Amino acid sequence: MSASYLWVKALHIVFIASWFAGLFYLPRLFVNLAMVAPDSVAERERLLLMARKLHRFASGLMWIALASGFWLWLGVGIGKGPGNGWLHAKLALVLLVIGYHHVNAAHLRRFENGSNTRGHRWFRVYNEIAVLAFAAIVVLVVVKPF
């Protein structure tokens, strides 16, 4: 293993964990936004500003995490050859998480233009999707069950 491989792998893990931190917290902001009273404009605007900044920051983290992951996969060859079905499952989950990231952007737009119809309880359940995906990805990468 080369030193550059280990550095990229370490940075990939850091950026993945950081991206997921954003994915964990943004829906929590949606919970709070869904609970804001209609006459509380300042609170709504503060939460929207936080959500916008978090989504923009998490998007940057996502791109760096994906780029480093592609380098590890295609450049180094992680997961190539037989017995690496875990990688296909991980990549499928990563695609779903990217979709989840974009769905978060759609929810944010709905909050921005006042067209959100979901309640805070719905967002509390929705918030758990990222946790489950993160856990499944970690298990696939560490255990490599197939």
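Residues numbered from 1 in each chain as written. Predicted model: local features only at pLDDT ≥ 70, side-chain atom pairs only at ≥ 80, totals over all residues. Heavy atoms only, no water.

Student: Explain the UniProt feature "transmembrane region" (unreviewed entry) in the chain to me, please; I cannot follow it from the model alone.
Tutor: The UniProt feature table records "transmembrane region" (unreviewed entry) at residues 6–26, 54–74, 86–104 and 125–143. Secondary structure content for residues 54–74 is 100% helix and 0% strand, while the C-alpha to C-alpha distance between its ends is 30 Å. As a span, residues 86–104 carries 100% helix and 0% strand, and end to end its C-alpha atoms are 27 Å apart. (UniProt positions renumbered as here; feature names shortened; annotations may be inferred. Helix = DSSP H or I, 4+ residues; strand = E, 2+ residues; numbered from the N terminus.)

Student: What exactly am I supposed to notice about the UniProt feature "binding site: heme" (unreviewed entry) in the chain here?
Tutor: The UniProt entry lists His 12 and Lys 90 under the feature "binding site: heme" (unreviewed entry), expressed in the numbering used here. The greatest C-alpha distance among the residues just named is 14.3 Å, despite their covering 79 residues of sequence, which places them together in space. Mapped onto the secondary structure, His 12 falls in helix α1 (residues 3–35). Accessibility expressed as a relative area gives 11% for His 12, which makes it buried. In this structure His 12 touches Ala 65, Ser 68, Gly 69, Leu 72 and Lys 90, once residues within four positions along its chain are discounted. Judged by relative accessible area, Lys 90 falls into the buried class, the value being 17%. The contact partners of Lys 90, leaving out residues within four places of it in the chain, are His 12, Ile 137, Leu 140 and Val 141. (Buried < 20%, exposed > 50% of the residue type's maximum accessible area, 1.4 Å probe, protein only. Contact = heavy atoms within 4.5 Å.)

Student: Explain the pattern of salt bridges here, please?
Tutor: Pairs may arise between side chains of opposite charge once their charged atoms sit close together. The final tally for this structure, using the stated rule, is 2 salt bridges. Its salt-bridge partner being Glu 45, residue Arg 44 comes within 3.1 Å of it at the nearest N-O pair. By relative accessible area, which is 36% here, Glu 45 ends up partly exposed. With its nearest N and O atoms 2.6 Å apart, the salt bridge here joins Glu 112 to Arg 52. Linking Glu 112 in helix α3 (residues 85–112) with Arg 52 in helix α2 (residues 41–76), this pair joins segments that are 60 residues apart in sequence. Residue Glu 112 is classed as partly exposed on the basis of its relative accessible area of 32%. Owing to a relative accessible area of 29%, Arg 52 belongs among the partly exposed residues under this scheme. (Salt bridge = Lys/Arg side-chain N within 4 Å of Asp/Glu carboxyl O.)

Student: Just checking my understanding: could you explain the packing of aromatic side chains for this structure?
Tutor: Each aromatic ring pair is described using two quantities: the centre-to-centre distance and the angle formed by the ring planes. Under the criterion given, the structure shown has 12 aromatic pairs. Both rings, one in Phe 20 and one in Phe 134, keep their centres 4.9 Å apart while their planes meet at 50°; by these two values the pair is tilted. In this pair, Phe 20 sits in helix α1 while Phe 134 sits in helix α5 (residues 128–143), placing the two residues 114 residues apart along the sequence. Phe 134 gets classed as partly exposed once you look at its relative accessible area, which sits at 28%. Note on Phe 30 and Phe 111: the rings are 5.5 Å apart at their centroids and 25° apart in plane angle, and the pair reads as stacked. Here Phe 111 lies in helix α3 and Phe 30 lies in helix α1, a separation of 81 residues in the sequence. Through successive ring pairs, a cluster of aromatic residues spans Phe 30, Tyr 100, Phe 111, Trp 122, Phe 123 and Tyr 126. Seen from the ring of Trp 122, Arg 118 lies directly overhead, with NZ or CZ sitting 4.1 Å from the centre. A cation over an aromatic ring shows up here: Lys 144 above the ring of Trp 86, its NZ or CZ 4.6 Å from the ring centre. (Phe/Tyr/Trp six-rings, centres within 6.5 Å; stacked < 30°, edge-to-face > 60°. Lys NZ or Arg CZ within 6 Å of the ring centre and 35° of its normal.)

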